[in-house]
Amino acid sequence: MPEHTPVSKIIEIENLTKTFGKVVGVDDISLSVEQGEFVTLLGPSGCGKSTLLRMIGGFEEPTSGRILLDGQDVTHVPPSKRAVNMVFQDYALFPHLSVGKNVGYGLRVAGMPRREVREKALEALALVGLEDRFDAAPHMLSGGQRQRVALARAIVRRPKVLLLDEPLSALDANLREQMQVELKALHTKMGLTFILVTHDQTEALTMSDRIVVMRGGKIVQMGSPVDLYERPATSYVAGFIGSTNQFRSVVATGPTGPQVQCFGQPISAPAGVAPGQEALFGFRPEKALVQFGEEGGGPDTLRGSVADILYHGQSVRLMIDLGAGEVLVDLPMSGSDGMPQVGDAVSLRVGADKIMVLADEVAA
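Everything quoted here is computed from the prediction, not taken from an experiment.

J.: So what's going on with the overall build of the protein? Residues and values would help.
T.: Within the protein, the secondary structure is distributed over eight helices and 21 strands. Overall size of the protein, expressed as C-alpha extent along the three principal axes, is 80 × 50 × 40 Å. Per-residue burial over the protein gives 48% buried out of 364 residues. For the protein, the proportion of contacts with a sequence separation of at least 24, taken over those separated by at least 6, is 65%. If you sum the accessible surface of the protein, you get close to 17,400 Å²; carbon and sulfur atoms cover 51% of it. Put simply, the protein has 35 plus and 42 minus side-chain charges, and the middle of one group is 9 Å from the middle of the other.

This is the structure in structure tokens:
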């Protein structure tokens, strides 16, 4: 037989559909994943992301379509026969087995000699910084340590693809942030292909090479974190990844060129739109230049007053009342002096290059 040559696209999903009776969980999705890539499936509950992940892992049978792993059709291959491993939300550790035996369990079942199982389990635990807990019981570990054990168990057999189904959702905020950094470092160190499912936009932006945004069983948009944040294609993506001030307007001809109305106040229109065109526009809260007091002005300036102040620690979010609507503005904290008060007059300068044109999307 000719020697198998690995392909650069480690996973190829072709027209994959999964229905549950009359309910469509995944709707005709096609997606390729490169060798060594960190891809995140992002979306709200019920969007189909976990169902898609489970079909890649072999835990759900597709209704139609194909899944290729390293060039081979594995659509109907059981999980144990695929070169993938999954890390679940609940860790799924055996409480009666030590950490080392949990990690080496799959190797023992496969018939590997005991000494080699121990060596490989220790290697996997070293990768997650837990080699000193080899003989500990799972109940002696913290939540973060148990998650590391689950990761070690998943990577001990060096799968071609590691599947992660919301693995950090049970952790508190500080530990979750720490584990995001460690998971990304593990991906870099091992060079494996990671596919993560999450509904947490910060998690997706922090760790991913590429994010696949899903809604209603379909892919809405995919791209790098920077692409999706700076250039969201639809109102849904703009609202799901970060916060966006959105407003609808007809483009008009102003004294210096095309203009749009942001809640009744004119500002320059972004490039690519023409007078008479109606569209949905938006800008990120941190993109506006803020000036307090009555003197602020100039072109592309929105005038309003501070309606509410939300303290976020390193930053502060202001809700600005423009009269016909409200927008959000984010400012870095610069100490207690000079902070605005509710009711203060404010002007916002929003350049045309900061305004996005967003496609409408029918609710799923």
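J.: Residues and numbers for the domain arrangement of the protein, please.
T.: If you check the domain split of the protein, you get domain 1 (9-239) and domain 2 (243-358). The interface is formed by nine residues belonging to domain 1 together with ten residues belonging to domain 2. Carbon and sulfur atoms make up 43% of the area that domain 1 and domain 2 hide from each other, which totals about 710 Å². In terms of surface lost to domain 2, no three residues of domain 1 exceed Tyr 229, Ser 235 and Ala 238, which account for 60% of the buried area on that side. Seen at the junction of domain 1 and domain 2, the total is one salt bridge. Lys 287 is paired through a salt bridge with Glu 230; the nearest N and O atoms lie 3.4 Å apart. For the pair domain 1 and domain 2, the number of links is six residue pairs in polar contact (both at pLDDT 80 or more). Contributing elements (two or more residues each) for the side of domain 1 that touches domain 2: helix H7 (225-230) and helix H8 (235-240). Of the residues assigned to the side of domain 1 that touches domain 2, the class counts are five nonpolar, three polar and one charged.

J.: Any details on the pattern of salt bridges? Residues and values, ideally.
T.: Two side chains carrying opposite charge are able to pair once their charged atoms lie near each other. Enumeration over the complete set of coordinates arrives at 16 salt bridges. Linked through salt bridges whose partners overlap, the residues forming this network are Glu 14, Arg 66 and Asp 73.

J.: Pulling in residues and values, what's your account of the UniProt feature "domain: ABC transporter" (unreviewed entry) in the protein?
T.: Under the local residue numbering, the UniProt record ascribes the feature "domain: ABC transporter" (unreviewed entry) to residues 11-241. The distance from the first to the last C-alpha atom of residues 11-241 is 25 Å, and the span holds 36% helix and 27% strand.

J.: Give me the packing of helix H4 (residues 143-155) against helix H5 (residues 173-190): which residues, what numbers.
T.: Relative to each other, H4 and H5 sit at 20 degrees, their axes nearing to 11 Å. In terms of orientation, H4 lies roughly parallel with respect to H5. H4 and H5 meet at a crossing whose hand is right-handed. Residues Gly 143, Gly 144, Gln 147, Arg 148, Leu 151 and Ile 155 of H4 touch H5, and the partners they reach there are Leu 175, Gln 178, Met 179, Glu 182, Leu 183, Leu 186 and Met 190. Taken together, the residues of the contact of H4 with H5 sort by class into seven nonpolar, four polar and two charged.

J.: Summarise the sheet that holds strand S12 (residues 252-254); cite the residues concerned and give the values.
T.: Overall, antiparallel pairing links the three strands, which are arranged S12-S13-S14 in an open sheet. Each of the sheet's edge strands pairs with one partner strand only, and the pair in question is S12 and strand S14 (265-268). Taken pair by pair, the neighbouring strands of this sheet meet at an average axis angle of 55 degrees, ignoring direction.

J.: Please set out the environment of Gly 106 residue by residue, giving values where relevant.
T.: The residue Gly 106 is located in helix H2 (residues 99-109) in this model. Among the residues examined, Gly 106 registers a relative accessible area of 24% and is labelled partly exposed. For the pair formed by Gly 106 and Thr 253, sequence separation is 147 residues and the distance between their alpha carbons is 68 Å.

So, how was this worked out
- Residues numbered from 1 in each chain as written.
- Predicted model: local features only at pLDDT ≥ 70, side-chain atom pairs only at ≥ 80, totals over all residues.
- Heavy atoms only, no water.
- Helix = DSSP H or I, 4+ residues; strand = E, 2+ residues; numbered from the N terminus.
- Buried < 20%, exposed > 50% of the residue type's maximum accessible area, 1.4 Å probe, protein only.
- Contact = heavy atoms within 4.5 Å.
- Areas by Shrake-Rupley, 256 points an atom, 1.4 Å probe, with all protein chains shown as cover.
- Lys, Arg positive; Asp, Glu negative; His and termini not counted.
- Charge placed at Lys NZ, Arg CZ, Asp CG, Glu CD.
- Domains from an automatic or database assignment.
- Buried area = accessible area lost by both parts, 1.4 Å probe.
- Salt bridge = Lys/Arg side-chain N within 4 Å of Asp/Glu carboxyl O.
- Polar contact = N/O pair within 3.5 Å; in protein donor to acceptor, adjacent residues only side chain to side chain.
- Nonpolar A, V, L, I, M, F, W, Y, C, P; charged D, E, K, R; others polar.
- UniProt positions renumbered as here; feature names shortened; annotations may be inferred.
- Axes fitted to C-alpha atoms, helices over the stretch in contact; angles between N-to-C directions.
- Parallel < 35°, antiparallel > 145°, perpendicular 65-115°, else oblique.
- Left-handed = near helix turned anticlockwise from the far one by under 90°.
- Pairing = 2+ DSSP bridges.

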